[in-house]
Amino acid sequence: MSRLITFLALALLLPFGQARAQALDIGLVTGNEAALPIAVVPMPYLGTSVAPDTDIAAVIRADLNRSGQFRALAEQDVIEKPIRGSEIKFPTWRVLRQDFVVVGRVLDNPDGGYRVEYELWDVAKQERMLGLAVGGRARGMRDVAHQIADQVYEKILGVRGAFWTRIAYVTANGVGGNIQYALMVADSDGHNPQTVVRSPEPLLSPAWSPDGRRLAYVSFERGNSTIYIQEIATGAREVVASFRGINGAPAFSPDGSRLALTLSKSGNPEIYVMDLASKQLTQVTRHWGIDTEAVWTADGNHLVFTSDRAGKPQLYQVPAAGGEATRLSFQGDSNAKASISFDGKKIAMAQGNGNVYRIAVLDRSFGGAGRWQTLSPGNLDESPSFAPNASMLLYATKEASRGVLYAVSADGRVRQRLVLADGDVREPAWSPYRQR
């Protein structure tokens with residue numbers, strides 16, 4: 001693990017491991033026995049055309065399981081298959097110890113697509129909690145399933161779901177001088193991957209704009225590190241930083257008007273803030289140490305960044321306009337690559353102890369020094385990224401020299417591997433919410 005992950009990645013171009021072709025493999029590796037039991041009954045197609053390829057119930061089931069808040073009944077254990085609330089026999093679901101039941105059916109839409117009509121029922125109260133319809137085209141039925149999972153999650157827990165979101169990540173295929181890099185965007189569960197940009201030179205540090213329409217990232221295609229901002233839908237992009245030395249670690253402000261970044265144009269890596277309209281730069285830090293990997297607090301007033309000014313990488317907070325930095329992390333030999341929850345209460349990071357690096361979370365809502373929790377069990381875990389509702393995190397790790405991604409629930413009780421088909425994977429970034 002590098003002394004400062006982003007800095008050495010930029011300066012030394014740390015290589016990916018050898019890529020191997022492999023199909024998408026998503027499976028729970030741990031579970032949460034305390035999660036809420038819920039049955040998602042298969043939703044048959046009742047139309048007169050061709051049934052959609054997507055198993056709506058299976059996607060909903062997988063989403064809810066991955067959150068760590070629910071324990072969905074396995075499909076083989078669903079012994080009755082009602083498609084409407086009037087068909088539910090509640091004693092059956094009480095015997096199966098289910099708190100909630102989701103039933104539904106897939107119909108044809110007049111516009112040529114499909115419509116999923118579904119209901120959420122409370123088993124103990126025998127009351128309907130939701131009764132909605134969600135429509136979509138054949139290619140968008142996974143989106144429909146994710147939206148239903150979000151609605152079920154929000155109705156029961158009172159917190160907006162984050163299944164109908166996206167993730168960005170970097171892949172590498174090949175070995176030696178023949179490695180091809182790609183910046184990818186996929187659904188939150190790893191399905192439907194799309195290429196944003198390909199390059200024979202390294203790509204690093206993808207960061208989402210608050211509206212989810214753009215990505216900032218670092219590319220070496222010009223020979224030196226350069227920060228681009230790219231429109232995902234159109235592919236249009238612009239260079240925003242290509243100064244002498246390092247240009248790295250971009251991060252959009254919560255309102256999308258500014259970009260935090262690391263520049264070494266003055267000789268030492270420092271944190272800067274760029275006004276994206278005028279391209280005017282404000283230098284935030286001035287220190288002999290390496291300052292990098294800045295992320296914004298939810299109010300846009302402060303930045304949390306990584307610095308080795310105390311000898312080893314630790315997290316610090318500084319006003320976005322500049323000023324005195326305050327150290328935040330005091331547990332572990334080192335802490336780097338912060339990700340902040342939407343409410344500002346939790347900070348995830350890659351925490352090092354000896355040669356072991358794991359994902360840790362500092363919960364500042366407990367006051368004082370806060371409460372620490374380790375969420376990952378690996379030896380080389382890095383690059384945590386919170387879901388927009390802070391219920392889950394993505395992180396990167398190595399398995400048998402291959403880069404893979406994991407999603408882990410915020411309480412650490414459920415982990416799920418996302419092994420994507422397109423080579424070694426690293427640098428994950430979870431998108432903001434999509435517009436409803």
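Just above, that's the structure.
Residues numbered from 1 in each chain as written. Predicted model: local features only at pLDDT ≥ 70, side-chain atom pairs only at ≥ 80, totals over all residues. Heavy atoms only, no water.

Chemist: How would you sum up the packing of aromatic side chains? Please name residues and give values.
Modeler: Applying the stated criterion to the full structure yields 7 aromatic pairs. Geometrically, the ring pair formed by Phe-90 and Trp-121 is tilted, given 5.7 Å between the ring centres and 55 degrees between the ring planes. With a gap of 31 residues between them, Phe-90 in helix α3 (residues 90-95) and Trp-121 in strand β5 (residues 114-122) connect regions that are remote in the sequence. For the pair shown, Phe-90 and Trp-121 are each scored as buried. On the basis of an interplanar angle of 15 degrees and a centroid distance of 5.7 Å, the ring pair of Tyr-395 and Tyr-406 is categorised as stacked. With a gap of 11 residues between them, Tyr-395 in strand β27 (residues 392-399) and Tyr-406 in strand β28 (residues 402-409) connect regions that are remote in the sequence. Of the two residues, Tyr-395 and Tyr-406, neither departs from the other in class, the shared state being buried. Ring-pair connections join several aromatic residues into one group, and the members of that group are Phe-70, Tyr-153 and Phe-163. (Phe/Tyr/Trp six-rings, centres within 6.5 Å; stacked < 30°, edge-to-face > 60°. Helix = DSSP H or I, 4+ residues; strand = E, 2+ residues; numbered from the N terminus. Buried < 20%, exposed > 50% of the residue type's maximum accessible area, 1.4 Å probe, protein only.)

Chemist: Tell me what's going on with helix α4 (residues 141-157), and back it up with residues and numbers.
Modeler: For α4, built from 17 residues, the straight-helix expectation of 24 Å at 1.5 Å per residue is met to within 8% by its first-to-last C-alpha distance of 24 Å. Burial in α4 covers these residues: Met-141, Arg-142, Val-144, Ala-145, His-146, Ile-148, Ala-149, Asp-150, Val-152, Tyr-153 and Ile-156. (Expected span 1.5 Å × (residues − 1).)

Chemist: Now, about the packing of helix α2 (residues 56-67) against α4: what can you tell me, with residues and values included?
Modeler: Two elements in contact, α2 and α4, have axes whose closest approach is 9 Å; the angle formed by their N-to-C orientations is 45 degrees. On the basis of their axis angle, the class for α2 and α4 is oblique. The interaxial crossing formed by α2 with α4 has right-handed handedness. Across from Ile-56, Val-59, Ile-60, Asp-63, Leu-64 and Ser-67 in α2, the residues of α4 making contact are Met-141, Arg-142, Ala-145, His-146, Ile-148, Ala-149, Val-152 and Tyr-153. Across the contact of α2 with α4, the residue classes break down as 10 nonpolar, 2 polar and 2 charged. (Axes fitted to C-alpha atoms, helices over the stretch in contact; angles between N-to-C directions. Parallel < 35°, antiparallel > 145°, perpendicular 65-115°, else oblique. Left-handed = near helix turned anticlockwise from the far one by under 90°. Contact = heavy atoms within 4.5 Å. Nonpolar A, V, L, I, M, F, W, Y, C, P; charged D, E, K, R; others polar.)

Chemist: Tell me what's going on with the side chain of Asp-150, and back it up with residues and numbers.
Modeler: Mapping Asp-150 onto the fold places it in helix α4. Although buried, Asp-150 forms no salt bridge, and the nearest oppositely charged side chain, Arg-160, lies 5.9 Å from it. Of the polar contacts made by the side chain of Asp-150, one reaches the backbone nitrogen of Phe-163; its length is 2.7 Å. When sequence neighbours within four positions are dropped, the list of residues in contact with Asp-150 reads Gly-161, Ala-162, Phe-163 and Trp-164. (Lys, Arg positive; Asp, Glu negative; His and termini not counted. Salt bridge = Lys/Arg side-chain N within 4 Å of Asp/Glu carboxyl O. Polar contact = N/O pair within 3.5 Å; in protein donor to acceptor, adjacent residues only side chain to side chain.)

Chemist: Could you give an account of the sheet that holds strand β15 (residues 258-263), with specific residues and numbers?
Modeler: One open sheet accounts for 4 strands, arranged β14-β15-β16-β17; its pairing is antiparallel. Edge positions in the sheet fall to β14 (247-252) and β17 (281-283), since each of these pairs with one other strand and no more. On average, adjacent strands in this sheet sit at an angle of 25 degrees to one another, irrespective of strand direction. (Pairing = 2+ DSSP bridges.)

Chemist: Before we move on, could you go through the pattern of salt bridges and cite the residues and values that matter?
Modeler: A side chain with one charge can pair with a side chain of the opposite charge if their charged atoms come near. Evaluated as defined, the whole model comprises 14 salt bridges. In this structure, Lys-398 and Asp-424 form a salt bridge, with 3.3 Å as the shortest nitrogen-oxygen distance. Placement of the pair is Lys-398 in strand β27 and Asp-424 in strand β30 (residues 424-430), with a sequence separation of 26 residues. Using a relative accessible area of 0% as the deciding quantity, one classes Asp-424 as buried. Its salt-bridge partner being Glu-399, residue Arg-417 comes within 3.3 Å of it at the nearest N-O pair. Placement of Arg-417 in strand β29 (residues 415-419) and of Glu-399 in strand β27 is noted, with a sequence separation of 18 residues between them. Via salt bridges that share partners, Arg-105, Arg-115, Glu-117, Glu-119 and Arg-128 belong to a single interconnected network.

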